[in-house]
Amino acid sequence: MKDVAIIGLGCAGYTAAIYTARYKLDTVIIGDVEGGMGMSAAEVGNWPGEIDIKGPDLMQKYKDHALSFDNVDLVSGRVENVGKVGKVGEGFSLTMQNGDVIEAKAVIFATGSNKRHLGIPGEEEFSGKGVTYCATCDAFFYRDKTVAVLGGGDSAVEGAAIAAQVAKKVYLVHRRDEFRAEPFWIDKVNEKDNIEFVLHTNALEVLGEQKVTGLKIDTPHNGSDVLDVDGVFIEVGSIPAVDLPQQLGCELDDRGHLKVDDAMRTNIKGAFAAGDVSSGSNHFAQFSTAAGEGSIAANSVFSYLQGGE
Ligand code: NAP
């Protein structure tokens, strides 16, 4: 039996692994999506010590660091089920999609979140045919094209700024007239001549034939209720990935995040959480907060395995 299983290959998971390794815990880190949400950050300008680094490069550094320890194993694959082993506090059993079973005395859920879908007609039909949920990852396929980015948070506003580097035109479609994104990114979109704001507007339908040709909106823009676009980047936030911890009976908060105390403990003895999936850090989903939560969770696992709570 491992000392600790960490589920999730994002910033929180890798940071937790670096700490559990240094606490000399026999650690396994498991996941099927390499790098998590960090992979979609085109330019990271708020990770201390790096003035500007690409998300995938930063994720590779975390991974290399975590795997530099002999007592950290990486298992690539999807965990399908989590259950308790024996009596309360004796450990957990993780069943992988391929049927393998991994047992650990403690578990850290660093499962992150999944992009929210809008649920409008055409969205699923054209998914991968012009509809995407990662503007920064896919913008470069839209060189000299016209795209719409939906949302008003960091993902949408950063996504619009990045897309505008290659696209002919970018519509930034938001349901309000204020953005919740960092002022840094708002300045970036304001500087771009090829970004047009479409505010107080909701998307109604993605239009197309073989691929996307337009976006139907609820408020006419320049006299039309259709934006002629080749791509629709939906960036309207994320939903915490709580399926696995819910199998154990972990409680959620009123926003659907895993409820944790300030030691990153869930309500289930031996189960901890870190990163975007957790209710910690005032729900502020950043590299720095994920790393902070990952390190606290690892410290709490260390205390727990020494007989603490
Ligand atoms: P977010 O901050 O939750 O913003 C989601 C946006 O989508 C909001 O503007 C929201 O509108 C809009 N929205 C939500 N549901 C909608 C719906 N059904 N229809 C239309 N619009 C809808 O999500 P995010 O931008 O993905 O960011 C998530 C977290 O990651 C944040 O903590 C963010 O700071 C972090 N992040 C940081 C960076 C960075 O560079 N620092 C980059 C990416 C993400 P309202 O504003 O009206 O609610």
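The shown structure was predicted, so the numbers you read here are calculated from the model rather than taken from an experiment.

Taken as a whole and assessed by the stated rule, the structure comprises seven aromatic pairs. Look at Tyr 62 and Phe 287: their rings are 6.5 Å apart centre to centre, the planes differ by 55°, and that puts the pair in the tilted class. Taken together, the positions of Tyr 62 in helix H2 (residues 55-66) and Phe 287 in helix H7 (residues 287-305) put the pair 225 residues apart, joining distant regions of the chain. For Tyr 62, a relative accessible area of 7% gives the class buried. Given the relative accessible area of 13%, Phe 287 is considered buried.

Quite often, the size of an interface is put as the accessible area lost when its parts meet. Each assigned domain of the protein chain is listed with its residue range as follows: domain 1 (2-115 + 238-305) and domain 2 (131-234). Taken together, the contact between domain 1 and domain 2 spans seven residues of the former and 11 residues of the latter. Across the domain 1 to domain 2 interface the summed buried area is about 620 Å²; carbon plus sulfur atoms make up 47%. Summed over the three residues of domain 1 that lose the most area to domain 2, namely Ser 40, Glu 43 and Lys 115, the buried surface amounts to 68% of that side. At the junction of domain 1 and domain 2, the tally comes to zero salt bridges. On the surface where domain 1 and domain 2 come into contact, there are four residue pairs in polar contact (both at pLDDT 80 or more). Partitioning the side of domain 1 that touches domain 2 into residue classes produces two nonpolar, three polar and two charged.

The next subject is the pairing of strand E11 (residues 195-198). Where strand E10 (residues 169-173) and E11 come together, four bridges link them in parallel fashion. Bridge pairing in E11 places Val 173 opposite Val 198. In this region the chain leaves E10, passes through helix H5 (residues 183-191) and returns to the parallel neighbour E11; the handedness of that crossover is right-handed.

Let's shift gears to the state of the cysteines. For the coordinates displayed, the defined rule picks out one disulfide. The disulfide that involves Cys 134 links it to Cys 137, with 2.0 Å between the sulfurs. Linking Cys 134 and Cys 137, the disulfide has an S-S dihedral of approximately 65° and is accordingly described as right-handed. Considering cysteine sulfurs only, Cys 137 is the nearest to Cys 11, which forms no disulfide, with 17 Å between them.

This paragraph deals with unusual backbone geometry. The backbone of Asn 222 shows a phi angle near 50°, a positive value even though the residue is not glycine. Tracing the chain through its elements places Asn 222 in the loop between strand E13 (212-221) and strand E14 (224-228). With phi around 55°, Asn 282 is a residue other than glycine that occupies positive phi space. As for its position among the elements, Asn 282 is in the loop between strand E17 (271-273) and H7.

Quick look at the nonpolar core now. Core analysis: the biggest nonpolar cluster contains 57 residues, and Leu 94, Ile 108, Phe 109 and Phe 287 have the highest contact counts within it. Top contributing element to this core by residue count: helix H1 (residues 11-22), with seven residues. Once you skip the residues sitting within four places of it in the chain, Phe 109 turns out to touch Ile 7, Val 82, Leu 244, Pro 245, Leu 248, Cys 250, Leu 258, Ala 271, Phe 272, Ala 273, Ala 274 and Val 277. Core analysis: the second largest hydrophobic core is formed by 21 residues, Ala 160, Ala 181, Ile 186 and Val 189 among them.

Here we take up the sheet that holds E13. Pairing is antiparallel across the open sheet formed by three strands, whose spatial order is E12-E13-E14. The open sheet has two edge strands, strand E12 (203-208) and E14, and neither has a second partner. Averaged over neighbouring strand pairs, the angle between their axes works out to 30° when direction is ignored. Across five bridges, the pairing between E12 and E13 is antiparallel. Paired with Gly 208 across the strands is Val 212, a residue of E13.

Procedures and definitions
Residues numbered from 1 in each chain as written. Predicted model: local features only at pLDDT ≥ 70, side-chain atom pairs only at ≥ 80, totals over all residues. Heavy atoms only, no water. Phe/Tyr/Trp six-rings, centres within 6.5 Å; stacked < 30°, edge-to-face > 60°. Helix = DSSP H or I, 4+ residues; strand = E, 2+ residues; numbered from the N terminus. Buried < 20%, exposed > 50% of the residue type's maximum accessible area, 1.4 Å probe, protein only. Domains from an automatic or database assignment. Contact = heavy atoms within 4.5 Å. Buried area = accessible area lost by both parts, 1.4 Å probe. Salt bridge = Lys/Arg side-chain N within 4 Å of Asp/Glu carboxyl O. Polar contact = N/O pair within 3.5 Å; in protein donor to acceptor, adjacent residues only side chain to side chain. Nonpolar A, V, L, I, M, F, W, Y, C, P; charged D, E, K, R; others polar. Pairing = 2+ DSSP bridges. Right-handed = clockwise from strand over helix to strand, strands pointing away. Disulfide = S-S within 2.5 Å. Core = buried A, V, L, I, M, F, W, Y, C linked by side-chain atoms within 4.5 Å. Axes fitted to C-alpha atoms, helices over the stretch in contact; angles between N-to-C directions.

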